[in-house]
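Residues per chain are reported as follows:
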Amino acid sequence: METILTIFIIFIAGTAATYFLGKLNGVLRSILFLATLAATGWLFFTGITPESGIEFRILGITMGWGITPFSYIFAIIVMGLALLSGIYAVKAMEDEKNLNFFFANFLLTVMSMMGILFSLDLISFFIFWEIMTWSSYFMVVFTGKDVQKVGIKYILFSAIGAYAMLMAIVFIYSFTGSVLIGDFIDNFHLFDTQMQWLIPILLLTGFGVKSALMPLHVWAPGAYSNSPMSYTAMFSGALSKMGIYGMVIVLILIVQQIPNGYWIKEVIAWMGGITAAMATLWAIKQDDAKKMLAYSSIGQLGYIIVGVAIGTPLAMLAGLFMAVMHGIFKSTLFMVVGAVERQTGTSNFTEVTGLIRKMPWTFLAALMSIIALAGIPPLGGFIGKWMLYESLMGSNHYLLIIMIFFSSTAAFLYCFKFLFGFFLGQEEKEWSHVKEAPAMMVIPMLILAGFAFLLGIFPGLILKPINEGMQFLGYVSTTNRFWEMSIIFNDWGNAVVMMPIFYWIIGVFVFFLVFLTIKGYKTTRYVSTKDISTSGEIPKEHENLTFTMGFMQPFLRAVAPVMKRQIDKYYTSIGNGLEALFDFTRRINTGNGQTYALYFVVFIIILLLFKDSLF
């Protein structure tokens, strides 16, 4: 408890110091910002152990802080990404204005996420949830672009989720007389049937908003793409996982106590599948890398939701493993886009291309992250998707397998578009001045890409804490049983049996690399990217090979009927209707005393006419 309290104190002091003392000097601001992240990270990884916590009373209400083996998994994601994103942000944001405000809100977001994970009571949970919402809102509107459209949509949906959660908390307290999450779980079976269905639906609404579950996702594309990329790396990689965290608790510890609650999990699983499929299609359609990754993030969260909603041991293992991997590779890709935008001034595929020689380290980080996202071995994305497919087959969700497989396959299209669009296309003279991003931006990207590779070879590094978290949720230990659950693990469950195949692949590549190098040593010549991207058919100077708005149109035409109806249009119609109603209401409030007197007389007459039916 003392360590947790110390972490909060350092966050609050660091936020205040970064904001106020940072006005004196930019270097001092960066030092205070990074020192806060480093100090809290060190305390967490060295001083916090699962199952540690304490209860205390405020105004007669028992509350508690601590960490469980399950919340520890998500805390690893938050603190790891916060430190690396923070290092990246210091250099990426150095030329921006209002940096004191930016870094202070960055720290508040990290603190609030850790507060959510430390909360053992619903009041603390809700307070930290609101701090997370408001600090992230300020970052969404930080650039000043589309504030009315993007910012209001984000805060409106966040408010819907928050009020749904608050209603559930009020109901829980009225039934149990306690706000402790443990008391709620233990006494949930005593609730009446109506509340047993209403409370989980309210909570899932709040968590579904943050995890961008369709149809509650419409805020995410604009929010992710509008925020500074140095923040979106954590926004998408970590903050979205708070919704997953709450969703797992509700689905596994609460919904499973409901008779026929199985149907809630089935509905959530299918909503996750639809989210994965539709978001993937919209990602393919984008020509701006920010929007593409925003929709891609929604789609990847859909996979995770499918796993945790199915809820079998292997499905949960897959869902939580993919949650970690999504935090790694998607944060890296948002950093890549931020680096490209910083060096070129744009993130649009139709404007910039052929950067592989200009930004080779950024390309390497992008390549490894794309491989992980696409689910290709030997990177960690393959492990998660393979386990998810097996879990769906083992639980007889064959139609859902088709939807997830379609989403995963279609994702190759935007993966190719991302790599070719930025790096492998034709070199253009207007981008000849571009150089590699600064080291403080490149190193965090490469570290995260390295983890994506490491966890693909040795998934046991993260499967061990996931196993402990699953035991907290009531699952039987998966230690030394991984090979019984999935065919891709070895007998100890800490490595992948594809290692021999992987070594052979490396051997084949090395052999042909050496053979072709020796054979073509004397005839080797330097060629431009034009030779590479056009198979030696060199175009003329006026021919531009960058992506155009018509990229992948045959595929998009084929799926156009599915994409025709957009939920956002219905929300817009509702918003327009409410605006018209409110405008009418404003006209009624004229400010004229005689008009109000007339309203009063009309009200009395109506009351007298209908007094018998009303009373």
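Note that the coordinates shown come from a computational prediction; the quantities given were computed from them, not determined experimentally.

### Focus on the nonpolar core
So, point 1. Ranked by size, the top nonpolar core spans 196 residues in total, and within it Phe-44, Phe-102, Trp-219, Phe-418 and Phe-423 carry the most contacts.
So, point 2. Here this core gets 20 residues from one element, more than from any other, and that element is helix H13 (residues 313-344).

### A few points about the confidence of the model for the protein
Caution applies to low-pLDDT parts of the model: their predicted coordinates are not meant to be read in detail.
So, point 1. Here the protein averages 83 in pLDDT, while 84% of its residues score no lower than 70.
So, point 2. Looking at the elements of the protein, mean pLDDT is at its lowest for helix H21 (residues 529-533), recorded as 50, and at its highest for helix H4 (residues 99-118), recorded as 93.

### Structural notes on the packing of aromatic side chains
So, point 1. Under the definition given, this model contains 42 aromatic pairs.
So, point 2. Relative to Phe-106, the ring of Phe-33 has its centre 5.2 Å away and its plane inclined at 85°; by these criteria the two rings are edge-to-face. With a gap of 73 residues between them, Phe-33 in helix H2 (residues 26-47) and Phe-106 in helix H4 connect regions that are remote in the sequence.
So, point 3. Note on Phe-33: relative accessible area 0%, which makes it buried.
So, point 4. Plain terms: the ring middles of Trp-282 and Tyr-295 are 6.1 Å apart, the flat faces sit at 25° to each other, and that makes the pair stacked. Taken together, the residues Trp-282 in helix H11 (residues 262-285) and Tyr-295 in helix H12 (residues 289-310) connect sequence positions 13 residues apart. Accessibility assignment for this pair places Trp-282 and Tyr-295 in one class, buried.
So, point 5. One aromatic cluster is present, built from ring pairs that chain together Phe-33, Phe-102, Phe-103, Phe-106, Phe-142, Tyr-154, Trp-219, Tyr-224, Tyr-231 and Phe-235.

### Quick notes on the pattern of salt bridges
So, point 1. Following the criterion strictly, the structure yields 4 salt bridges and no others.
So, point 2. Put simply, Arg-342 and Glu-94 hold a salt bridge, and the shortest N to O gap is 2.7 Å. Here Arg-342 is found in helix H13, whereas its partner Glu-94 is found in the loop between helix H3 (69-92) and H4, with 248 residues between them in sequence.
So, point 3. Overall, Arg-342 belongs to the partly exposed group, its relative accessible area being 28%.
So, point 4. We classify Glu-94 as partly exposed; its relative accessible area is 36%.
So, point 5. Among the ionic pairs, Asp-287 bridges to Lys-417, the shortest N-O distance being 3.3 Å.

### A look at the side chain of Ser-347
So, point 1. Note on placement: Ser-347 falls in the loop between H13 and helix H14 (360-374).
So, point 2. For Ser-347, the contacting residues outside a window of four places in its chain are Asp-287, Asp-288, Ala-289, Lys-290, Val-337, Glu-341 and Phe-422.

### Focus: the environment of Met-322
So, point 1. In this structure, Met-322 sits in helix H13.
So, point 2. For the pair Met-322 and Gly-380, spaced 58 residues apart in sequence, the C-alpha separation works out to 8.4 Å.
So, point 3. In this view, Met-322 contacts Tyr-303, Ile-304, Gly-384, Lys-385 and Leu-388; residues no more than four positions away in its chain are not counted.

### Remarks on a nonpolar patch on the surface
So, point 1. Residues Leu-598, Val-601, Val-602, Ile-605, Ile-606, Leu-609 and Phe-610 make up a contiguous nonpolar surface patch of about 660 Å² in total accessible area.
So, point 2. As for its position among the elements, Leu-609 is in helix H25 (residues 593-609).

### Concerning helix H5 (residues 122-140)
So, point 1. Taking 1.5 Å per residue, 19 residues should reach 27 Å; H5 reaches 26 Å between its end C-alpha atoms and fits that length.
So, point 2. The backbone nitrogen of Ile-123 lies 3.1 Å from a side-chain oxygen of the residue at the head of H5, namely Asp-121.

### Quick look at the environment of His-326
So, point 1. Mapped onto the elements of the fold, His-326 is located in helix H13.
So, point 2. With 88 residues separating them along the chain, His-326 and Ala-238 place their C-alpha atoms 9.0 Å apart.
So, point 3. When neighbours within four sequence positions are excluded, His-326 is seen to be in contact with Ser-236, Ser-240, Lys-241, Ser-297, Gln-300, Leu-301, Ile-304 and Ser-331.
So, point 4. Looking at His-326, its side chain comes within polar contact range of the side chain of Lys-241, at 2.7 Å.

### Observations regarding the side chain of Ser-236
So, point 1. Here Ser-236 lies in helix H10 (residues 229-254).
So, point 2. In this structure Ser-236 touches Tyr-224, Lys-241, Ser-297, His-326, Lys-330 and Phe-334, once residues within four positions along its chain are discounted.

### Description of helix H1 (residues 2-20)
So, point 1. The terminal C-alpha atoms of H1 lie 27 Å apart, and with 19 residues this matches the ideal 27 Å at 1.5 Å per residue to within 8%.
So, point 2. Along H1, the residues that are buried comprise Ile-4, Ile-7, Phe-8, Phe-11, Gly-14, Thr-15, Ala-17 and Thr-18.
So, point 3. Residues of H1 that are buried sit in contact with H2, strand S2 (61-67), H4 and H5.

### Some words on the packing of H10 against H11
So, point 1. Put simply, H10 and H11 touch, their axes get as near as 10 Å, and they point 145° apart. Facing Met-247, Leu-251 and Ile-252 of H10, the residues of H11 in contact are Ile-264, Lys-265 and Ile-268.
So, point 2. Partitioning the contact of H10 with H11 into residue classes produces 5 nonpolar, no polar and 1 charged.

Rules of the game
- Residues numbered from 1 in each chain as written.
- Predicted model: local features only at pLDDT ≥ 70, side-chain atom pairs only at ≥ 80, totals over all residues.
- Heavy atoms only, no water.
- Core = buried A, V, L, I, M, F, W, Y, C linked by side-chain atoms within 4.5 Å.
- Buried < 20%, exposed > 50% of the residue type's maximum accessible area, 1.4 Å probe, protein only.
- Helix = DSSP H or I, 4+ residues; strand = E, 2+ residues; numbered from the N terminus.
- pLDDT = per-residue confidence, 0-100.
- Phe/Tyr/Trp six-rings, centres within 6.5 Å; stacked < 30°, edge-to-face > 60°.
- Salt bridge = Lys/Arg side-chain N within 4 Å of Asp/Glu carboxyl O.
- Contact = heavy atoms within 4.5 Å.
- Patch = residues over 30% accessible without salt bridge, like charges linked within 9 Å, V, L, I, M, F, W, Y side chains within 5 Å.
- Areas by Shrake-Rupley, 256 points an atom, 1.4 Å probe, with all protein chains shown as cover.
- Expected span 1.5 Å × (residues − 1).
- Polar contact = N/O pair within 3.5 Å; in protein donor to acceptor, adjacent residues only side chain to side chain.
- Axes fitted to C-alpha atoms, helices over the stretch in contact; angles between N-to-C directions.
- Nonpolar A, V, L, I, M, F, W, Y, C, P; charged D, E, K, R; others polar.

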